[in-house]
Amino acid sequence: MILIVLFAFIAGIVTILSPCILPILPIVLSSTVGGQNTGKSRPYGVVLGFILSFSFFTLFLSTVVKATGISSNSLRGLSIVIIAFFGLSLIIPQFQLLVDRLFTKLSRFTPRETPKSGFIPGLLIGFSLGLLWTPCVGPILASVISLALSGTITANAVLITFAYSLGTAIPLFFIINGGQNILKKTPWLIKRTGFIQKTFGVIMVLTAIGIYANVDRTFQTYVLTTFPQYGSGLTQFEKLALPSPIASFSKAPSIIPGGEWFNTKPLTLAELKGKVVIVDFWTYTCINCQRTLPYLQSWWSKYKDKGLVVIGVHSPEFEFEKDANNLSKAIKDFGLTYPIVQDNDFSTWRAYNNQYWPAKYIIDSNGNIRFTHFGEGNYDETEKDIQDLLKESGVQNVSSKINNPVSQTYGLTPETYVGASRIAHFSSPESIQNNSYVNYTSANSLQNDTFAFSGKWNITDEYAIPQKGSVLNFNFNAKEVYLVMKVPNHPSKVKVFVDGKAQYFGMDVINGTIIVDSDRLYKLVLLPTPGRHMLKLEFQDTDVQLFAFTFG
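The model shown is predicted, which means the values in this text are computed figures rather than measured ones.

Student: How should I be thinking about the environment of Ile176 in this particular structure?
Tutor: Along the polypeptide, Ile176 turns up in helix 8 (residues 155-185). Distance in space between the C-alpha atoms of Ile176 and Arg42 is 8.6 Å, their sequence separation being 134 residues.

Right under this line is the structure:
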């Protein structure tokens, strides 16, 4: 645990180089100057406000939204207003005077705070930065955020988040403090303090306007498109701090009871001692998981009479996947007959320190994990491992024949969520407003791997809802396109176009139209060869819910 906290702290420091940080840096630089309320303690106020805000919203944002009904985007808007507020105070003398009087009064309620210390203004700026910075967290906080979403906050999660935010705050402190020292010790700059102050004020206001208009997201997309390797080393570094999945030759954790079982009575690993067991973490709308299911079913059918048990642990990504009826239908649709258990609260997932869909843990007859595999592929190697462990357990006449044909995947466009809490690569110029219908527009051309809405849409934290007649455009690079969709009431029709024509239909498209009649992943596009194309979806009804795109 100490090592993980240390890596979290170091990863926080290097986060300053992440591409999604770049649009926020002008705010950090602008906070080096100010009116009367700029003093030596201002950097400390910024750092403290940032640490408290970043840690709190990373851990409890989901809880706050549910308890108050205030959307996360509204809180983001509040931060933007605060930043614009301080920017205006640097530009307009009368406004600056009012701000100085306000913080002079507030300083009376703060121990050791003097009117010129700037601690309280710094605290507010840091608070705003913390909330704006939250979407920039890397893989190191993935486990912490998944705990927060499931409503389970542990002492370790708090410690990791605090270490990460403290590490991130250190570069901020040196930028602000260093900027102040340069301004105060350079004669040429001292003579131009008023001009510099107004310039920074303009930068601060323009940055706030840009963030409100989602220019920061567009800029981030541009950086990643122009320099695709930018920041990739940081991501790999952050992964070093993640809790490792249970290692080979470790005792396999138990299947945590409480979830509903399918195709069997409840099972325990203790009662399965003497058998070879595959524990497979999956979720039914995950295309990567779907592509592994035929192999698991094949191994179950081939080796179940020789001592193999396959247990699918269904750990849902989306709320509707927690529904037992939806899962039961998916199990039937995929033709799965091996035991499957619901893990709606991620109890078994956390017991294995798992981080991936799909993930396989192969357990020997003594209850020890002997092999693991994360993601797709390596099917021949996995079946060879199964055969070896069955022979090791004393099973005779285990066939050595292995034949697992693999279909190649070509998707270069990353998995893309359309709900506000994880939305990325969104190119409509309008600002996202949670839980309210807004008219969005789409540009004539989209940058690579970005999408845009046109028409009236309601974007919630987890999904987006188009009104009848609305359109979604997506510039993608793949051979196949998939989309997770749900309908709350009645079936909904969606027309599919590729490069402006009704062509290259996926399995779920009939005569150019998809009938969305259940909560699952839909196959939209199947191209003869992979490449870059423009997808257009036209929505013929209201209330269909869109969750995430994946590509193959």
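Student: Can you help me understand the nonpolar core in this one?
Tutor: Across soluble globular proteins, you tend to see nonpolar side chains buried next to one another. Grouped together as the largest cluster of nonpolar side chains are 37 residues, with contacts concentrated most on Phe453, Leu472, Met485, Leu524, Leu535, Leu537 and Phe549. Sorting the residues of this core by element identifies strand 8 (437-440), strand 9 (451-459), strand 11 (471-486), strand 12 (492-498), strand 13 (513-516), strand 14 (520-539) and strand 15 (545-551) as the ones contributing at least two each. Aside from chain neighbours lying at most four places away, what touches Leu535 is Leu472, Asn473, Phe474, Phe476, Val481, Val496, Phe497, Leu524, Val525 and Phe549.

Student: Can you walk me through the packing of aromatic side chains in this structure?
Tutor: Scanning the entire structure with this criterion turns up 29 aromatic pairs. Pairing Phe318 with Phe320 gives two aromatic rings, centres 6.0 Å apart and planes at 10 degrees, and the pair type is stacked. Three or more aromatic residues link up through ring pairs in this structure, and these residues are Phe426, Tyr440, Phe451, Phe453, Trp457, Phe474, Phe476, Phe539, Phe549 and Phe551. Stacked on the ring of Tyr417, the Lys or Arg Arg422 has its end atom at 3.9 Å from the ring centre. Geometry around Tyr522 places Arg520 over its ring, the cationic atom sitting 3.9 Å from the centre.

Student: In this structure, what is going on with the pattern of salt bridges? I would like to understand it.
Tutor: When charged atoms on two side chains of opposite charge get close, those side chains can pair. On inspection of all chains with the given rule, the structure shows 13 salt bridges. Close ionic contact of Arg422 with Glu317 constitutes a salt bridge, the shortest N to O distance being 3.4 Å. You can see Arg422 sitting in the loop between strand 7 (416-417) and strand 8 and its partner Glu317 sitting in the loop between strand 3 (308-314) and helix 14 (324-334), a full 105 residues away along the chain. Judged by its relative accessible area of 14%, Glu317 is buried. Between Lys329 and Asp333 there is a salt bridge whose closest N-O contact spans 3.0 Å. Linking Lys329 with Asp333, this pair stays in helix 14, spanning 4 residues, or about one helical turn. Residue classification places Asp333 among the partly exposed residues on the basis of a relative accessible area of 49%. A network of salt bridges, in which partner residues are shared, links Asp364, Arg370 and Glu392.

Conventions used here
Residues numbered from 1 in each chain as written. Predicted model: local features only at pLDDT ≥ 70, side-chain atom pairs only at ≥ 80, totals over all residues. Heavy atoms only, no water. Helix = DSSP H or I, 4+ residues; strand = E, 2+ residues; numbered from the N terminus. Core = buried A, V, L, I, M, F, W, Y, C linked by side-chain atoms within 4.5 Å. Buried < 20%, exposed > 50% of the residue type's maximum accessible area, 1.4 Å probe, protein only. Contact = heavy atoms within 4.5 Å. Phe/Tyr/Trp six-rings, centres within 6.5 Å; stacked < 30°, edge-to-face > 60°. Lys NZ or Arg CZ within 6 Å of the ring centre and 35° of its normal. Salt bridge = Lys/Arg side-chain N within 4 Å of Asp/Glu carboxyl O.

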